[in-house]
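Here's the letter readout for the chains.
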Amino acid sequence: MYQEIDLDKIDMNAEPPAEEPARQYYFMAKCRQWVREFEGKNGRRPTACIQTFGCQMNARDSEKLLGILSQAGFQETDREEADFVLYNTCTVRDNANQKVYGHLGYLRNLKRRNPDMLIALCGCMMQEKTAVDRIKKSYPFVDIIFGTHNIFKLAELICKRTGCPSGRREMVVDVWDSTEAIVEELPTERKFPFKSGVNIMFGCNNFCSYCIVPYVRGRERSREPEDILAEIRRLVQDGVVEVMLLGQNVNSYGKNLAHPITFAQLLRRVNEIEGLERIRFMTSHPKDLSPELIEAMKDCDKVCRHLHLPLQSGSSRILGVMNRRYTKERYLELVEEIREAMPDISLTTDIIVGFPGETEEDFEETLDVVRRVRYDSAFTFLYSKRTGTPAAAMENQVPEDVAKERFDRLLKEVQGIAGEVCGRDTGTVQKVLVECPDDHQEGYMTGRLSNNTIVHFPGGKDLVGRIVEVRLEEARGFYYMGSRIQDRSACEPC
Ligand code: 5AD
Ligand code: SF4
């Protein structure tokens, strides 16, 4: 396991090993030499800043990237005036790409002031040839580009770049089209000590017609259950009480393994891990959500009472063109089955407005589902044309002003309902995992209920990472104000 590898004992005069992860530990050790030379020259360690765009998958990837940089000896910072800046990019919607180009303009200025600064780009946007071509042409000061399939190679790529003879420094570009490999046992550096994402699978096979993910993250690959369980046990030993099992479509987990296992079976096994308190997962495709999974969620006491179930559209016709493979009626039936099994579950969703060909009637169908399901919250998106996806080539694109007007109506509806739904637990006492001090009120802490709703309550920083009982006093829009019920075991005997 990575904790047992002493980088200083690796023989740097030997050739780098061919097999992974040993090869990457060799390059981490080599990076460490570079870091020490930097320290000798500058009297301080080089700083590294990772900026993450996009989803939970990217957030988890960034923890792995930071793990590699920390092993090499970089000092983490959240300021972009750093010696090494890495953007982990997203490309699900065009505005994510535009953000990266905007930031690169800013980095250009920083690099003028600090020519030794290293700039790297990775993630989904780098899997797009057009984006990489544009960066090569218009942003030649970028040092390293890599994609989603080889993030484990960060140390090797840094060595390749820093090893170039100075004056002849060329951009290192290493983007893979696909991979079957899953490299285990690399270091990670968690953002929160008490909770962690855990990848259970990578990629997606669904090819929803608007979505670029299958093209940039590749085909579905599941990790072996034993590797997942071992990672979670290790996390628990390290103080983690909540895990979020991550995959683009967790409901199809395990299908491609030599010994297939269902997501429901995996969930039951994770639930048995001693010391673990909470289990979340993301994302579920409605077409694959089985009765077996509903049963497992109901049975497993650690599985949180929250399900993210992307709707995308309420119109069966549009769902067909989106290639979602369920209808409005099936989705509503599914919601009923879930609520019957777990009446207290909170449901959240993703909705796209302005998909090609969406009529006012189609949009009304979406509003109808929103009113019937009454989501706890919903992420609403304006359809964004992604080159290479089938929907981008459709002729009947919805005019921007029409889509925007629908988007505003949907947002109003979603927010109104979420405000009403949030109050349903007012007055009850619930378990809260305390996450951090409240940003807005001195002496208050912020945590989450099992159903993922945020709660603020008076308390001290010593509570971070603990699960405490809180009375939900007042609902305010999408969060509660609460007061802590003192731990009875901590009371003096009467
Ligand atoms: N345009 C707008 N939203 C999109 N999503 C995915 N692709 C697009 C697109 N081209 C949304 C979906 C998905 C979420 C992560 O992003 O709602 O569930
Ligand atoms: Fe994209 Fe559909 Fe796969 Fe989700 S299930 S990542 S929306 S293709």
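The sections below set out a description of the structure shown in this document.

Quick notes on the rules
- Residues numbered from 1 in each chain as written.
- Chains lettered and ligands numbered in written order.
- Predicted model: local features only at pLDDT ≥ 70, side-chain atom pairs only at ≥ 80, totals over all residues.
- Heavy atoms only, no water.
- Pairing = 2+ DSSP bridges.
- Helix = DSSP H or I, 4+ residues; strand = E, 2+ residues; numbered from the N terminus.
- Axes fitted to C-alpha atoms, helices over the stretch in contact; angles between N-to-C directions.
- Contact = heavy atoms within 4.5 Å.
- Expected span 1.5 Å × (residues − 1).
- Buried < 20%, exposed > 50% of the residue type's maximum accessible area, 1.4 Å probe, protein only.
- Phe/Tyr/Trp six-rings, centres within 6.5 Å; stacked < 30°, edge-to-face > 60°.
- Lys NZ or Arg CZ within 6 Å of the ring centre and 35° of its normal.
- Core = buried A, V, L, I, M, F, W, Y, C linked by side-chain atoms within 4.5 Å.

**Thoughts on the sheet that holds strand β10 (residues 242-246)**
The strand order β7-β10-β11 describes an open sheet built from 3 strands, whose pairing is parallel. Unpaired on one side and paired on the other, β7 (195-199) and β11 (278-282) mark the two borders of the sheet. Averaged over all neighbouring strand pairs, the angle between strand axes comes to 25°, with direction disregarded. Against the sheet, helix α7 (residues 225-237) contacts β7 and β10, and its axis sits at roughly 170° relative to β7. Strand contacts of helix α8 (residues 263-271): β10 and β11, with the helix running at about 155° to β11, the strand carrying the most contacts.

**Thoughts on unusual backbone geometry**
Residues Glu-20 and Pro-21 are joined by a peptide bond in cis, for which omega reads 5°. The topology assignment puts Pro-21 in the segment before α1 (22-42). A cis amide bond, omega 0°, links Met-282 with the succeeding residue Thr-283. Looking at where Thr-283 falls in the secondary structure, it is placed in the loop between β11 and α9 (291-299). Of note, the phi angle at Gln-312 is positive, near 70°, even though the residue is not glycine. Secondary-structure assignment places Gln-312 in the loop between β12 (306-308) and α10 (316-321).

**Focus: helix α13 (residues 400-422)**
Under the 1.5 Å per step criterion, the end-to-end length of α13 is 32 Å for 23 residues, consistent within 8% with the ideal 33 Å. Those residues of α13 lying buried are Ala-403, Arg-406, Phe-407, Leu-410, Val-414, Ile-417, Ala-418, Val-421 and Cys-422. Considering only its buried residues, α13 is in contact with β13 (346-353), α12 (360-373), β14 (377-382), β18 (467-476) and β19 (479-485).

**Details of the packing of aromatic side chains**
Summed over all chains, the structure comprises 15 aromatic pairs. Look at Tyr-26 and Phe-27: their rings are 5.2 Å apart centre to centre, the planes differ by 85°, and that puts the pair in the edge-to-face class. The class of Tyr-26 is buried, set by a relative accessible area of 6%. Ring geometry for Phe-478 and Tyr-479: centres 5.4 Å apart, planes at 75°, overall edge-to-face. Looking at Phe-478, the relative accessible area reads 59%, which means it is exposed. Among the aromatic residues, those joined into a ring-pair cluster are Trp-34, Phe-38, Phe-74 and Phe-84. Sitting over the face of the ring of Phe-192, Lys-195 holds its NZ or CZ atom 4.7 Å from the ring centroid.

**A word on the sheet that holds strand β15 (residues 429-437)**
Through backbone hydrogen bonds, the strands of a sheet pair up, either in parallel or in antiparallel fashion. Strand order around the closed barrel formed by 5 strands is β15-β16-β17-β19-β18, with mixed pairing between neighbours. Ignoring which end each strand starts from, the neighbouring axes of this sheet average 50° apart. Two strands pair when backbone bridges link them, and β15 and strand β16 (residues 444-449) are joined in this way by 5 bridges, in the antiparallel orientation. Considered in β16, the bridge of Cys-436 is made with Thr-446.

**Some details on the nonpolar core**
Membership of the largest hydrophobic core comes to 70 residues, with the highest contact counts inside it found for Ile-232, Val-243, Leu-245 and Phe-263. Residue contributions to this core peak at 6 residues, all from helix α11 (residues 328-341). If near-sequence neighbours (up to four positions away) are discounted, Leu-245 is found in contact with Val-198, Ile-200, Ile-232, Val-250, Phe-263, Leu-267, Val-270, Ile-279, Arg-280, Phe-281 and Met-282. The next biggest cluster of nonpolar side chains, apart from the first, holds 33 residues, and it includes Leu-7, Leu-86, Ala-120 and Phe-152.

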